[in-house]
Amino acid sequence: MEAAGVIEELGEDVSGLEVGQNVICLAQTGMWREIVAVPATNVFIMPDEMSYEEGAAIPLSYLTAYFMLFDFGNLRPGKSLLVHIAAGGVGWAATQLAKTVDNVTVFGTASASKHDAIKENGVDHPIDYRTRDYSEEIKNISPKGVDVVLDPLGGADTSKGLQLLRPMGKIVTYGSANMVKGENRNLMKMAKTLWQSTSVSPVSLVKTNKAIAGFQLAHLTGEIELVRSAFQDILNMYKDGKIKPRIDSVWAFEQVAEAMQQMNERRNIGKVILSPEKEPTKPAEGDAAPTSPLKKKKPSLFRRLSKRASRSKDEGEKKDEVKQEEQEKADDSKATNGHVQQTPEDEKIDDEAAKTEEKVDEAVKQEEAPTEPDTQEEKKDEAPAEEPEKIEVAVENPAETDDAKAAAADIVADEKPVENEEKADGVASQEI
């Protein structure tokens with residue numbers, strides 16, 4: 001949604017901007033590119049002392065914090081504020097903007113390793129949300145609670161935020177981070193978080209003199225003058241030295257996965273920036289490049305059982321395919337009558353079959369008298385010596401007629417094309 005760069009070209013009827021100017025721009029999406037086209041109303045001239053990285057880090061975070069604090073929150077001198085994820089982009093911006101108002105007390109949640117950084121940025125009371133209940137910590141310091149809560153978490157934390165508000169206090173929700181924790185989606189957790197985030201009775205708000213509001217900058221694109229006025233005020237604060245974005249890290253476009261993982265693992269303090277001018281860096285020795293922008297998480301029992309069942313099914317299907325292929329090979333081997341190399345088992349079966357055929361032929365000889373004995377001897381003499389296997393089916397029966405001989409000759413003639421056809425099938429199968 002945010003970027004900074006140089007104007008390459010202007011559209012027709014665009015005034016107040018020039019090619020070559022350094023600018024900051026906003027858009028609904030599609031800013032992870034080297035060249036983008038945006039409406040002129042969403043373009044702002046960048047101060048000379050501002051870097052491109054700072055320009056890209058300011059719009060979304062500082063505009064979100066600005067509207068929540070000064071429009072919804074009506075933050076005034078002497079008030080108190082709770083900032084969740086105080087080391088993130090919006091949290092960092094909210095702390096700086098709050099400190100432009102006199103005598104504002106800021107409570108900020110962050111992991112212990114980031115406390116020094118957020119205290120330097122203006123947080124008066126850092127709280128380690130991983131080891132302490134932030135609600136109890138705040139009430140120990142300020143028994144009546146706080147005046148403004150900025151809530152990007154949703155769910156049960158929204159209810160806790162309402163409980164922390166003083167009379168005439170306001171909670172502004174701008175996200176539901178609790179709804180999408182972890183790598184795997186949990187529909188039950190999402191539904192529970194959504195229900196907890198909306199289970200607020202207007203009657204209870206009336207009785208306690210509290211307010212709840214929601215904000216998302218992406219849904220404010222139609223209010224061009226409102227956004228431009230607020231952003232110009234932010235740029236003036238930057239020029240006066242009242243605010244300064246913190247850049248956690250700058251990544252090449254090719255390393256977007258690593259950049260996303262930096263944020264997902266909450267290792268960043270400030271903004272994570274993508275730059276087309278940044279060269280990809282190789283991971284340090286011993287560090288494996290991330291394969292996913294999300295942390296690996298052990299799958300649920302249902303997913304593991306589903307994968308195991310699917311894997312067993314696939315293995316069973318593969319075994320059936322192997323058995324079928326072996327059977328087809330065995331059938332093809334028998335059909336070619338010796339043209340395919342046989343196994344010892346196949347040869348044994350063929351020998352037994354030949355013996356059985358001889359016994360049947362002997363029985364036929366005893367029941368039927370030979371009608372052409374001389375002719376039978378001539379047929380035996382005519383058998384080709386070099387291919388005895390091809391014609392053995394044609395010389396066993398003494399009662400064979402001339403038609404049978406013709407059929408036997410056809411068998412010999414047809415066997416060679418069958419072999420070629422099988423070879424062709426074998427080549428096609430290998431190519432596939």
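The preceding data block contains the structure.
Residues numbered from 1 in each chain as written. Predicted model: local features only at pLDDT ≥ 70, side-chain atom pairs only at ≥ 80, totals over all residues. Heavy atoms only, no water.

## What about the sheet that holds strand E3 (residues 43-45)?
Thinking step 1. Strand order in this open sheet of three strands is E1-E2-E3, and the pairing throughout is antiparallel. Only two strands of the sheet have a single partner each, and these edge strands are strand E1 (2-6) and E3. With strand direction ignored, the average angle separating the axes of adjacent strands in the sheet is 25 degrees.
Thinking step 2. As paired elements, strand E2 (residues 22-26) and E3 share three bridges and run antiparallel to each other. In the sheet register, Ile24 faces E3, and the bridge partner there is Phe44. (Pairing = 2+ DSSP bridges. Helix = DSSP H or I, 4+ residues; strand = E, 2+ residues; numbered from the N terminus. Axes fitted to C-alpha atoms, helices over the stretch in contact; angles between N-to-C directions.)

## Describing the packing of aromatic side chains
Note on aromatic pairs: each is described by the distance of the centres and the angle between the planes.
Thinking step 1. The final tally for this structure, using the stated rule, is four aromatic pairs.
Thinking step 2. Pairing Tyr66 with Phe67 gives two aromatic rings, centres 6.0 Å apart and planes at 90 degrees, and the pair type is edge-to-face. Here Tyr66 matches Phe67 in class, with each residue buried.
Thinking step 3. Judged by centre distance (5.1 Å) and plane angle (85 degrees), the rings of Tyr66 and Phe70 are edge-to-face. Taken as a pair, Tyr66 and Phe70 lie in helix H2 (residues 59-72) at a separation of four residues, close to a single helical turn. (Phe/Tyr/Trp six-rings, centres within 6.5 Å; stacked < 30°, edge-to-face > 60°. Buried < 20%, exposed > 50% of the residue type's maximum accessible area, 1.4 Å probe, protein only.)

## Observations concerning the nonpolar core
In globular proteins that are soluble, nonpolar side chains generally tend to be buried together.
Thinking step 1. Within the largest apolar cluster, 46 residues are counted, with the highest numbers of intra-cluster contacts made by Leu63 and Leu150.
Thinking step 2. Of all the secondary structure elements, the ones that give two or more residues to this core are E2, H2, strand E4 (80-83), helix H3 (89-98), helix H4 (115-121), strand E7 (146-151) and helix H9 (224-239).
Thinking step 3. For Leu150, the residues in contact, after removing those within four places along its chain, are Met68, Leu69, Leu81, Leu82, Val83, His84, Ala94, Val172 and Tyr174.
Thinking step 4. Formed by twelve residues, the second largest nonpolar core is a distinct cluster that contains Phe107, Tyr134, Val146 and Val149. (Core = buried A, V, L, I, M, F, W, Y, C linked by side-chain atoms within 4.5 Å. Contact = heavy atoms within 4.5 Å.)

## Observations regarding a negative patch on the surface
Thinking step 1. A grouping of Asp320, Glu321, Glu325, Glu326 and Glu328 is seen on the molecular surface, where their side chains present a negatively charged patch.
Thinking step 2. The class of Glu325 is partly exposed, set by a relative accessible area of 45%. (Patch = residues over 30% accessible without salt bridge, like charges linked within 9 Å, V, L, I, M, F, W, Y side chains within 5 Å. Areas by Shrake-Rupley, 256 points an atom, 1.4 Å probe, with all protein chains shown as cover. Salt bridge = Lys/Arg side-chain N within 4 Å of Asp/Glu carboxyl O. Lys, Arg positive; Asp, Glu negative; His and termini not counted. Charge placed at Lys NZ, Arg CZ, Asp CG, Glu CD.)

Geometric descriptors of this kind do not, in isolation, establish any biological role.
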